[in-house]
Amino acid sequence: IRRRLLLPLFLVASLLAVIAPPLWAAGPLPLTILHFNDFHGQLEPAADGATGRTQGGIARLAGAIAAVRAEEPRRPVLVLFAGDLLQGTVTSTVFLGLPDLDVRGAMSVDAMTMGNHELDFGQEHFRRLLAQARFPVLGANVQATPEPFALQSAVVLQPPGGPRVAVLGLVTGELTTTTHPRNAVGIAVDDPVAAAGRLVPRLEAAADLVVALSHLGIAEDRRLAREVAGVDLVVGGHNHHRYDEPVIENGVPIVQAGDRGRYLGRIDLAVEDGRAQVLGYRLMPIDGAVPENPQIAAEVARLTAMLAREVDVPVGRLAAELDASREVTRRGESAFGNLVADLSRELTGTDVALFNGGGLRASIPAGEVRLKHVYEAFPFANDLVTGTLTGAQLQDALDRSASLDPADDPGGFLQVSGIRFAIRDGRAVDVTVGGVPLDPQKRYRAVMPDFLAAGGVG
C-alpha cells in the first residue's frame, strides 16, 4: 500500500493540538522539517527594494532554527537545505563559500543536496567543500569521471524520538549548462526521475518517510511526484519560488521557500504505520523581528568588515533602479539587459551583443552606486568575447532563447543589442540586425560573455 501524506483541515489539526496530549507521549511519532533553498552566499541580511526593510541573513536564519528547536526540546527536528550554496554575493566570490559551509554545520543542518551553482568555482574547489562539510551532501543522479565526487545518493536520518526519514538528493540537469563549460568536464547528470525510481523502493523498506531533497525546479518536482510511487514529500529549490502553501501533485506536497534565506519553511508531521499526517505548514519570514545567533552574527561582521575597505566605495549614481529580478531579466526585454548589451556592443564595435539573463544576479538600486553593487550584479568574472557568426547561427541562438519556458525563469533567455525580433510560438521571428532583415548567409560580428561563447546554457 503506497504511503501518502494526508492533508487535513489545519483548523481541526490546531484544535486537536490543544486538547490532545503531546504526540511523543504515545502513538504517532512527531517530526518537524525546516527547510530553505538557493542561499547563494547571502550571509548578510538583504534589503527589500520595495519596502527598504531587510530580510534574511544567516545569523537570523540560525536564530529562527534555534527558536523552533527550543519550543519543545523533545520534538524531533530535521533541517534540510535544497541546494545552491554558492554564487551571488561578494563574500561568496571572495571566500568561495567556505564560511557559508562552516555556518551550516553550526546551525545543525542535517543534509543538503547539490545545487547547479556548486561547480562555479571549479570541481576541485567543490571537492574541498565536500571534504569540509559536517553533514551529508547528496546527489543521487550526478556522475563525475574519472574521479567521482564524495556525494551520497541518500541518507536515512532518525532524530531522537522521531521516525526514520530517508532523504534522497536529486540535482537538475542544468548543472552542466548553467556553470561555465570548463567546470562541467566529465560531469553527467542522469534523469532524476529514473534515478529516484531505482532508489525509492529500497528507501521505503528502510524508512518510515521518504523525502526527495530536490534541486530540480517545480516542473521536474511535479514529474517526480507523478511518476515515482513512494515519494512522500518533495523539499525543493532551483526556481526561487515562494510557496505559502504546499503545491500538491498526485497527492504529494511540494514545498519551496524562496531564496537567500528570506524565509524558513516549516512542516509539522505525525508519522505512524508508514503514513504521515500534515499538522501544519508555513513560511516563517526571516526579518528584523527574528533574533540573531550572536556567534554567527559576529563572524559575518568580521568577514564583511574585511571586504568593506575594498568594495564599499562609491563609483557612480543611477537615476533609476536597474532591476535584475528573475521575472524581469529572464522573461523579456529588460532595461538592465539593454544597458549591459548596448555598452558591450559600443565598447567592441560589433554588430550584435548577446547576454544570458541569468548572468545578471542582483539589482542595482537608484542613487549612489558602490563597487559592492557591481560585484553582486556580476559575480561570475566573465570576459567579453568577440567573434563572427552567420545569420543562420544567430537565428538558432535566438530560437533557443525563444523556446525556453518562461515559467521556469530560464537563465538562458537572451538580452540583446543591435537586434530586434518578436517571439511567436517558441521561435524568434521578424529578426532584423541594424534595421535590416537578418540574412542567413551573412557574417555578423558579435560580442558575448565567454560563458555563452563556450556553449553555456546550450
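A brief look at the structure comes next.

What the protein contains, in helices and strands, is 14 helices and 26 strands. A compact globule built from 458 residues should have a C-alpha radius of gyration of about 23 Å, and the protein, at 23 Å, falls within 12% of that. Its C-alpha atoms give the protein principal-axis dimensions of about 75 × 50 × 45 Å. Considering only intrachain contacts with a sequence separation of at least 6, the fraction spanning at least 24 residues in the protein is 74%. Surface accessibility of the protein: about 19600 Å² in total, with carbon and sulfur atoms responsible for 53%. Charged side chains of the protein number 42 positive and 53 negative; the gap between the two group centres comes to 1 Å.

Following both chains from N to C, one finds helix α2 (residues 58-71) and helix α9 (residues 294-311) inclined at 170°, their axes separated by 8 Å at the closest point. With respect to α9, the axis of α2 lies roughly antiparallel. Contacts between α2 and α9 involve Ile58, Ala59 and Ala62 from the former and Ile296, Ala297 and Val300 from the latter. By residue class, the composition of the contact of α2 with α9 is 6 nonpolar, no polar and no charged.

Its volume calculated, the largest pocket comes out at about 1400 Å³. Ala46, Ala47, Arg260, Arg262 and Ser363 are, among the 50 residues lining the largest pocket, the residues nearest its centre. Of the residues belonging to the lining of the largest pocket, the class tally is 14 nonpolar, 18 polar and 18 charged.

What follows covers the sheet that holds strand β24 (residues 427-433). Read from one edge of the open sheet, 3 strands run β23-β24-β25, paired in antiparallel fashion. Both edges of this open sheet fall to β23 (419-424) and β25 (436-437), since each of them pairs with a single strand only. Where β24 and β25 come together, 2 bridges link them in antiparallel fashion. Across the sheet, residue valine 433 finds its bridge partner in β25, namely valine 436.

All right, on to the sheet that holds strand β26 (residues 443-449) then. Strand order across the open sheet formed by 4 strands is β21-β26-β19-β22, with mixed pairing between neighbours. Of all strands in the sheet, those with a lone pairing partner are β21 (384-390) and β22 (414-417), marking the two edges. Looking at each pair of strands side by side, their axes are set apart by 30° on average, direction ignored. Note: strand β19 (residues 352-356) against β26, 2 bridges, orientation parallel. Bridging from a neighbouring strand, alanine 353 pairs with valine 447 of β26. This element, helix α11 (residues 335-348), spans β19, β21, β22 and β26 of the sheet and lies at about 45° to β22. Lying over the sheet, helix α13 (residues 391-403) contacts β19, β21, β22 and β26, oriented at roughly 115° with respect to β21.

With that out of the way, let us pick up empty space enclosed by the protein. Under the counting rule described, the total for this entry stands at 1 cavity of 30 Å³ or more. For the largest cavity, the calculated volume is near 60 Å³. Taken together, Leu85, Leu101, Met112, Glu118, Phe126, Leu129, Leu130, Ala133 and Val137 form the lining of the largest cavity. No other element matches helix α5 (residues 123-132), which puts 3 residues into the lining of the largest cavity. Its residues placed into classes, the lining of the largest cavity shows 8 nonpolar, no polar and 1 charged.

Glancing now at a nonpolar patch on the surface. Residues Val313, Val315, Val374 and Phe378 make up a contiguous nonpolar surface patch of roughly 270 Å² in combined accessible area. As for its position among the elements, valine 315 is in strand β18 (residues 314-318).

Basis of the calculations
Residues numbered from 1 in each chain as written. Predicted model: local features only at pLDDT ≥ 70, side-chain atom pairs only at ≥ 80, totals over all residues. Heavy atoms only, no water. Helix = DSSP H or I, 4+ residues; strand = E, 2+ residues; numbered from the N terminus. Rg over C-alpha atoms; globule rule 2.2 N^0.38 Å. Contact = heavy atoms within 4.5 Å. Areas by Shrake-Rupley, 256 points an atom, 1.4 Å probe, with all protein chains shown as cover. Lys, Arg positive; Asp, Glu negative; His and termini not counted. Charge placed at Lys NZ, Arg CZ, Asp CG, Glu CD. Axes fitted to C-alpha atoms, helices over the stretch in contact; angles between N-to-C directions. Parallel < 35°, antiparallel > 145°, perpendicular 65-115°, else oblique. Nonpolar A, V, L, I, M, F, W, Y, C, P; charged D, E, K, R; others polar. 1 Å grid on protein atoms, 1.4 Å probe; cavity = no way out; pocket = protein on both sides within 12 Å on 5 of 7 lines; lining within 4 Å. Points joined across faces, edges and corners; volume = space filled by probe spheres on them. Pairing = 2+ DSSP bridges. Patch = residues over 30% accessible without salt bridge, like charges linked within 9 Å, V, L, I, M, F, W, Y side chains within 5 Å. Salt bridge = Lys/Arg side-chain N within 4 Å of Asp/Glu carboxyl O.

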